[in-house]
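As a plain string of letters, each chain reads:
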Amino acid sequence: MEEKKMVREERNKEKLATADWVMAEFYATWCPHCQRMQPIVEEFKKKMKGTIEVIQVDVDQESALADFYTIEVTPTFILFRKSEQLWRQSGEVSIERLEKAVKELQR
């Protein structure tokens, strides 16, 4: 289990550092706001397929990444382009707000 966690954390760290466009959701399994966001994030992933990559980072399982990006509230969404943070929002957000962030910044 520990090895699987380390592999996931390394993969996510690599994606956040090098991928062209990535939306990361930092979440916790115990967080009620994160649980309510889960269907929205899944729909967002489907809508954005081929446009940006959407990854989910469990702050308890990947605490080094959460610390590195100073995640204090879950959920927190960060839009990255080649490791640069372009947009950040904490708390529950609508799918429309997530889409708008991507569309505005990809111009």
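Definitions and limits used
Residues numbered from 1 in each chain as written. Predicted model: local features only at pLDDT ≥ 70, side-chain atom pairs only at ≥ 80, totals over all residues. Heavy atoms only, no water. Helix = DSSP H or I, 4+ residues; strand = E, 2+ residues; numbered from the N terminus. Rg over C-alpha atoms; globule rule 2.2 N^0.38 Å. Contact = heavy atoms within 4.5 Å. Pairing = 2+ DSSP bridges. Axes fitted to C-alpha atoms, helices over the stretch in contact; angles between N-to-C directions. Core = buried A, V, L, I, M, F, W, Y, C linked by side-chain atoms within 4.5 Å. Buried < 20%, exposed > 50% of the residue type's maximum accessible area, 1.4 Å probe, protein only.

## As for the overall build of the protein chain
Right, so step 1: Of regular secondary structure, the protein chain possesses four helices and four strands.
Right, so step 2: In the protein chain, the succession of α and β elements from N to C terminus is α-β-α-β-α-β-β-α.
Right, so step 3: Taking 2.2 N^0.38 as the reference for a compact globule, 107 residues should give roughly 13 Å; the C-alpha atoms of the protein chain span a radius of gyration of 13 Å, in line with that estimate.
Right, so step 4: Seen through its principal axes, the protein chain has C-alpha atoms that stretch 40 × 30 × 25 Å.

## Let's talk about the side chain of Glu62
Right, so step 1: On the secondary structure map, Glu62 appears in the loop between strand 2 (53-58) and helix 3 (63-68).
Right, so step 2: Residues in contact with Glu62, not counting those within four places in the same chain, are Arg8, Glu9, Asn12, Gln56 and Val57.

## Some words on the sheet that holds strand 2
Right, so step 1: Strand order in the open sheet made by the four strands is 2-1-3-4, with mixed pairing throughout. Of all the strands in the sheet, just strand 2 and strand 4 (84-90) have a single pairing partner and so form its edges. Within the sheet, the average angular offset between the axes of one strand and its neighbour, ignoring direction, is 20°.
Right, so step 2: In terms of strand pairing, strand 1 (residues 22-27) meets strand 3 (residues 76-81) through five bridges, oriented antiparallel. Paired with Ala24 across the bridge in strand 3 is Ile78.
Right, so step 3: The strands touched by helix 4 (residues 95-105) are strand 1, strand 3 and strand 4; relative to strand 4, the strand with the most contacts, the crossing angle is about 160°.

## Quick word on the nonpolar core
Right, so step 1: Formed by 18 residues in total, the largest nonpolar core has its most connected members in Leu16, Phe26, Tyr69, Ile71 and Phe80.
Right, so step 2: Counting only elements with at least two residues in this core, the list comes to strand 1, strand 2, helix 3 and strand 3.
Right, so step 3: Ranked by residues supplied to this core, first place goes to strand 1 with four residues.
Right, so step 4: Counting residues in each nonpolar core, the second largest holds 16 residues, with Met48, Val54, Ala101 and Val102 among its members.

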